[in-house]
Amino acid sequence: QVQLVESGGGLVQTGGSLRLSCAASGSIVNVYVMRWYREAPGKQRELVATVTENGVTHYVDFVKGRFTIHRDNARNTVSLEMSSLKPDDTAVYYCYAEMIGNQGTGAGYKFLEVWGQGTLVTVSS
């Protein structure tokens, strides 16, 4: 079964740094775009950063200059380096990927949109 597994969340003080990691595993042929989203308490899930298969990155304005997304195509991993963290960055962070994979349901290899389980980042003031 194809899955994304995140790690690296935790508690950090304002101004601190954290590194989130996400690894894709299972029957995967190719991984296309990979993204990080976040969902703060009482708010909708929002996009944070994107990296394409070719390494082109895009950041939403509120993290530009503070967060860096990086992927390793050989290992099907993506990371998010976060610095100068603020209390407003407190959220559950989710990894997302589009890929060709096989979920083992009998449907064979097909285009999949896969989400990780989320990892909590708490920034204290």
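Preceding block: the structure.
The notes below deal with the structure included here. Along each chain, numbering runs from 1 in the same order as the chain's sequence is written. For this predicted model, a pLDDT threshold of at least 70 governs which residues receive local features, and a threshold of 80 or more governs which side-chain atom pairs are given and counted, while totals over whole chains, interfaces and linings are taken from all residues. With hydrogens and water excluded, all non-hydrogen atoms of the structure serve as input to the side-chain values.

Here's the deal with the state of the cysteines
Right, so step 1: Note on disulfides: each one is a pair of cysteine sulfur atoms within 2.5 Å. According to the stated counting rule, one finds 1 disulfide in the structure shown.
Right, so step 2: A disulfide bridge connects C22 with C95, and the sulfur atoms are separated by 2.1 Å. Residues C22 and C95 are joined through a disulfide that is left-handed, its torsion about the S-S bond being -80°. One end of the pair, C22, is in strand β3 (residues 18-25); the other, C95, is in strand β9 (residues 91-102), with 73 residues separating them in the sequence. Strands are runs of DSSP state E lasting at least two residues, helices are runs of H or I lasting at least four, and both sets are numbered from the N terminus onward.

Points about the environment of Y96
Right, so step 1: Positionally, Y96 belongs in strand β9.
Right, so step 2: Between the alpha carbons of Y96 and G16 there is a distance of 24 Å; along the sequence they are 80 residues apart.
Right, so step 3: Whether two residues are in contact is decided by their heavy atoms, any of which lying within 4.5 Å being enough. Residues contacting Y96, with those up to four places away along its chain left out, are L4, V33, M34, R35, Y37, E113, V114 and W115.
Right, so step 4: Separated by 2.7 Å, the side chains of Y96 and E98 make a polar contact. Polar contact is the term for a pair of N or O atoms within 3.5 Å; when the atoms are in protein, one must be able to donate a hydrogen and the other to accept it, and sequence-neighboring residues count only if both atoms are side-chain atoms.

Observations regarding the pairing of β9
Right, so step 1: Three exposure classes are used, based on accessible area relative to the maximum for each residue type with a 1.4 Å probe and protein chains only: buried under 20%, partly exposed in between, and exposed over 50%. Most of β9 sits out of view: 10 of its 12 residues are buried.
Right, so step 2: Here the rule is simple: two strands pair whenever DSSP picks up at least two bridges between them. In terms of strand pairing, strand β4 (residues 27-39) meets β9 through 10 bridges, oriented antiparallel. Bridging from a neighbouring strand, S27 pairs with N102 of β9.
Right, so step 3: Pairing geometry for β9 and strand β10 (residues 109-115), over 7 bridges, is antiparallel. When the sheet's bridge partners are listed, M99 is paired in β10 with L112.
Right, so step 4: Taken together, β9 and the strand that follows it, β10, pair antiparallel across an intervening segment of 6 residues, in which G104 is found at a positive phi of about 75°.

Some thoughts on the sheet that holds strand β1 (residues 3-7)
Right, so step 1: Spatially, 4 strands are ordered β1-β3-β8-β7 in an open sheet, and the strand pairing comes out antiparallel. What marks the edges here is a single partner per strand, and that holds for β1 and β7 (67-72). Averaged over neighbouring strand pairs, the angle between their axes works out to 15° when direction is ignored.
Right, so step 2: Here β7 runs beside strand β8 (residues 77-82); their pairing, made up of 6 bridges, is antiparallel. Each bridged residue has a counterpart across the sheet, and for F67 the counterpart in β8 is M82. Lines are fitted to the C-alpha atoms to define the axes, a helix being fitted only along its stretch in contact, and any angle between axes, read from their N-to-C directions, falls within 0 to 180 degrees.

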